[in-house]
Amino acid sequence: MPTAAPIISSVQKLVLYETRARYFLVGSNHAETKYRVLKIDRTEPKDLVIIDDKHVYTQQEVRELLGRLDLGNRTKMGQKGSSGLFRAVSAFGVVGFVRFLEGYYIILITKRRKMADIGGHAIYKIEDTNMIYIPNDSVRVTHPDEARYLRIFQNVDLSSNFYFSYSYDLSHSLQYNLTVLRMPLEMLKTETAQTRQESFDIFEDEGLITQGGSGVFGICSEPYMKYVWNGELLDIIKNTVHRDWLLYIIHGFCGQSKLLIYGRPVYVTLIARRSSKFAGTRFLKRGANCEGDVANEVETEQILCDASVMSFTAGSYSSYVQVRGSVPLYWSQDISTMMPKPPITLDQADPFAHIAALHFDQMLQRFGSPIIILNLVKEREKRKHERILSEELVAAVTYLNQFLPPEHSIVYIPWDMAKYTKSKLCNVLDRLNVLAESLVKKTGFFVNRPDSYCSILRPDEKWNELGGCVVPTGRLQTGVLRTNCVDCLDRTNTAQFMVGKCALAYQLYSLGLIDKPNLQFDTDAVRLFEELYEDHGDTLSLQYGGSQLVHRVKTYRKIAPWTQHSKDIMQTLSRYYSNAFSDADRQDSINLFLGVFHPTEGKPHLWELPIDFYLHHKNTMRLSQTRRSYTDWLTPGVINHLPLPYDEVTCVENRKKLIVKKFHKYEEEIDIHSEFFRPYELSSFDDTFCLAMTSSARDFMPKNVGIDPSPFTVRKPDETGKSVLGNKSNREETVLQRKTAASAPPPPNEEAVSSSSEDDSGTDREDEGSVSQRSTPVKMTDSGDSTKVTENLVQPMKDVYGINLSDVPSEEDLSIYTRFVQLGQHQHRQDKSNQQHCSKHLDGVIKLTHISSFSQDNIYEVQPPRVDRKSTEIFQAHIQASKGIMQALGKEDISMYREYIRNRYM
């Protein structure tokens, strides 16, 4: 049993009950054994009054409480016809509370969809929300502008790419979450002594004694507010309600696919966290604000886990993090000129790189060193445009590196991607692959297990050059790659894909799944990863630029189909239209949702402001009392722990961000196995395994018999499993997928890559309901084409087996086959007898021993399972129980039974 585990929220199902004077929000855990109640006052017209007694109710107690409320709120005492308590809505979480010019609203999540699973911790996407006005109509004070603010607020579509989890902290990386769980035991005991228990447990003393004091420490960390999007909405109740009511959501992307390696499932998860600081749309948010927060800042994390073991302690997990973001300078582009590429303007001079210092200080605290900047903007231009940013960024990095130790200095790598794309002498992705290899080696990656014995026995040359920090429990990523171009969309996404592809090879190698840390294009694994990254790029591009990606990986590989060029033009026009006409309204909605602007009586309204510059730059409204040093620009203490990130160091300041509580090992708050499988309840497979994800075997592996099933085998362009879906229920309508871009001819010329806007987005996303399914069915109406498709679906017998098989074998063939079987059986008997005779004569023969031995399961050898004594006794007791011979229950069994009864019925 692990010594520490993440705390699972006990508020996962909510029901809002309504009376004339109150709202009662009843929340329960997944098993509906523990309940909490919030009382919200409806008689206050403009104030929010919430009472949380912080008591844990049982199911029976909640029924009695609701019954008393129903009886006490009826119009006449004893009246049975009308109810005094109404069930308003059912929900899965509270997004927050917001007020404009009248009273407060409560925002509830009414629909959710499971998007990913990390070690049994489910990640959900918000599908629908409900916004309910709290004050009663009798006390409501109306305002003429309230409805307009409400429309602006609801322009932020919460059903579009907002994610949450009840047990996994999405605002932090996997490395941080697992590092917190591995804190020293003495430190956890110290933190537990300072935390008082919130509820009385009738079995607490007895349970700890029977278990020998072997409890489990539940750990809950404070979220990283930079990536939380409802922090302002929950701020008003943060200090008055129990922490389980606080459900923090992130905005960005989350996708998961299954990589089957000879039947062994490996989950590839991609999580993108968009920063809520200085957030906005493409041309309205450029550069950085006065606090060092940059526009379009997204942290992308790729997680690899062995799905055969669902546990953070026993399972194998690996992750790699990289960042994109605008150039950290004061710069902007004027869109009033109605030009596709407005000129870049440096708004303020910053000779001491004050803004860049604040930005890189944040990165060193979160990621450690080295910070690597991959700058993809153009270096050679006829008219100086993008190069303005490069020159200023080089000067800022050079200045800041003067005051850093040489081993922890910021690494700046300029790489003009547009120049290499137009070049006919080299392949841009080949050059980028070499660059990605060196970048991954500098930072390393995270893995929660030590190096496998096969890699120690036969080490790879590249493996020994890998950076990062090696610890007894595995490896840590130190530092991060920061990629940027002008928009941080198309070029950035392709560069991040190539770096992620290189890191994926190292991750697979570290888990013992491949023999060399190298992945090639046109394999099932890379195709699956490429589709995941295209979904990721399309989503982020829509959020910031208003359209999908234009230049994709296939575009830079120069294998995109002819039709892709026209799509690029349409996506460029779509992006230009969105930037010119709709981005201002979207920016107002984001400012209102994130609390950047607060409506106030007697002050200008949001739509009356000419610009929102002073809202995001707080130093324009008031002068700072303290000025940071121009030379000692790092936060104190950060440089002492480099290259490790300061946020992951076990110090006093970081311990204050943790909530540690001791639980019984069978408590529902820390038992992720019971949370996921619910073994004590009748559940269906549809609910437990509701996550439908892209699979390499089903969606990418060819369907022909005799093909190598390995996902690391290079396929021909026409061998992809994406080309044919198969017959539907109606055979007359043959449905194909148009996800076969590799078989299409090249574009008309090689310079078409950079003909449209330099960072634009494309590819239709037709089906939003499926997970990572970007294919659109195309109906084939021509009869001639349908016959050809049917011929491709049903292959001849000779192509499959090599011969034409007849319907029924002849009698002669059957007799020959019978004699062959009898000969085989007779030979098998003789082999056994000869083996016994020969074993006596082998004593003088030299016995050869293996040069190498493998200490654990890997791709070369699998050790047979060893059954320990305790397991044998359990099996024997099970056999005896079937015969009616029962054994007496032990103290541990009695403790488990009492815990179950207490959670279920008390």
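Only a predicted model underlies this, so the values are computations on that prediction, with no experimental measurement involved.

**Comments concerning the environment of Val-98**
- Relative to the elements of secondary structure, Val-98 occurs in strand β7 (residues 93-99).
- Along the primary structure Val-98 and Phe-153 are separated by 55 residues, whereas in three dimensions their C-alpha atoms are 9.6 Å apart.
- Non-local contacts of Val-98, meaning those with residues more than four positions away in its chain, are made with Gly-103, Tyr-104, Tyr-105, Ile-107, Met-131, Phe-153 and Leu-233.

**Considerations on helix α1 (residues 59-72)**
- The end-to-end C-alpha separation of α1 is 20 Å, in line with the 20 Å expected for 14 residues at 1.5 Å each.
- Contacts made by the buried residues of α1 are with β2 (13-18), β3 (22-28) and β4 (35-41).

**Some points on helix α7 (residues 354-367)**
- With 14 residues, α7 ought to run about 20 Å at 1.5 Å a step, and its terminal C-alpha atoms sit 20 Å apart, in line with that.
- For α7, the tally of buried residues reaches 12 of 14 residues, placing the bulk of the element in the interior.
- Residues of α7 that are buried in the fold lie against β14 (298-306), β15 (317-324), β18 (371-375), α8 (387-401), β23 (480-484) and α18 (638-641).
- Positive backbone phi, approximately 85°, marks Gly-368, located one or two places after α7.

**Quick look at a positive patch on the surface**
- On the surface, a cluster of positive charge is made up of Lys-341, Lys-382, Arg-383 and Lys-422.
- Here Arg-383 shows up in the loop between β18 and α8.
- We classify Arg-383 as exposed; its relative accessible area is 55%.

**Some words on a nonpolar patch on the surface**
- A cluster of nonpolar side chains, namely Phe-677, Phe-685 and Phe-689, defines an oily patch on the protein surface of about 360 Å² accessible area.
- Tracing the backbone through its elements, the reader meets Phe-689 in the loop between α21 (685-688) and β25 (694-695).

**Examining the packing of aromatic side chains**
- Taken as a whole and judged by the stated rule, the model has 26 aromatic pairs.
- Taking the centre distance of 6.3 Å and the plane angle of 45° together, the rings of Phe-497 and Phe-521 count as tilted. With a gap of 24 residues between them, Phe-497 in helix α13 (residues 490-510) and Phe-521 in the loop between α13 and α14 (524-545) connect regions that are remote in the sequence. Just as Phe-497 is buried, Phe-521 falls in that class too.
- Each member of the aromatic cluster is reached from another via a ring pair, and the members are Phe-100, Tyr-105, Tyr-133, Tyr-149, Phe-153, Phe-162, Trp-229, Phe-593 and Trp-607.

**Quick notes on the pattern of salt bridges**
- Per the counting criterion, the structure on display carries 29 salt bridges.
- Two residues, Arg-22 and Asp-41, come together in a salt bridge whose shortest N-O distance is 3.1 Å. With Arg-22 in strand β3 and Asp-41 in strand β4, this pair connects stretches of sequence that are 19 residues apart.
- Exposure remark for Asp-41: the relative accessible area of 13% places this residue in the buried category.
- The salt bridge partner of Glu-892 is Lys-665, with a shortest N-O separation of 3.3 Å.

**Re the sheet that holds β3**
- Spatially, five strands are ordered β5-β4-β3-β2-β6 in an open sheet, and the strand pairing comes out antiparallel. Looking at strand neighbours, the two that pair on one side only are β5 (50-52) and β6 (86-91), the edges of this open sheet. Strand-to-strand twist of the sheet, defined as the mean angle between neighbouring strand axes without regard to direction, takes the value 20°.
- Direction of pairing for β4 relative to β5: antiparallel, over a ladder of three bridges.

**What about the nonpolar core?**
- Ranked by internal contacts, the top residues of the largest apolar core, which has 88 residues, are Phe-360, Leu-374, Trp-415 and Trp-633.
- Here this core gets 11 residues from one element, more than from any other, and that element is α13.
- Setting aside residues no more than four positions away along its own chain, Phe-360 makes contact with Pro-328, Ile-371, Ile-373, Leu-400, Ile-410, Arg-482 and Trp-633.
- Membership of the second largest hydrophobic core comes to 33 residues, among which are Leu-101, Tyr-124, Ile-152 and Leu-158.

What counts as what
- Residues numbered from 1 in each chain as written.
- Predicted model: local features only at pLDDT ≥ 70, side-chain atom pairs only at ≥ 80, totals over all residues.
- Heavy atoms only, no water.
- Helix = DSSP H or I, 4+ residues; strand = E, 2+ residues; numbered from the N terminus.
- Contact = heavy atoms within 4.5 Å.
- Expected span 1.5 Å × (residues − 1).
- Buried < 20%, exposed > 50% of the residue type's maximum accessible area, 1.4 Å probe, protein only.
- Patch = residues over 30% accessible without salt bridge, like charges linked within 9 Å, V, L, I, M, F, W, Y side chains within 5 Å.
- Areas by Shrake-Rupley, 256 points an atom, 1.4 Å probe, with all protein chains shown as cover.
- Salt bridge = Lys/Arg side-chain N within 4 Å of Asp/Glu carboxyl O.
- Lys, Arg positive; Asp, Glu negative; His and termini not counted.
- Charge placed at Lys NZ, Arg CZ, Asp CG, Glu CD.
- Phe/Tyr/Trp six-rings, centres within 6.5 Å; stacked < 30°, edge-to-face > 60°.
- Pairing = 2+ DSSP bridges.
- Axes fitted to C-alpha atoms, helices over the stretch in contact; angles between N-to-C directions.
- Core = buried A, V, L, I, M, F, W, Y, C linked by side-chain atoms within 4.5 Å.

So far we have only geometry, and geometry alone does not tell us how the molecule works.
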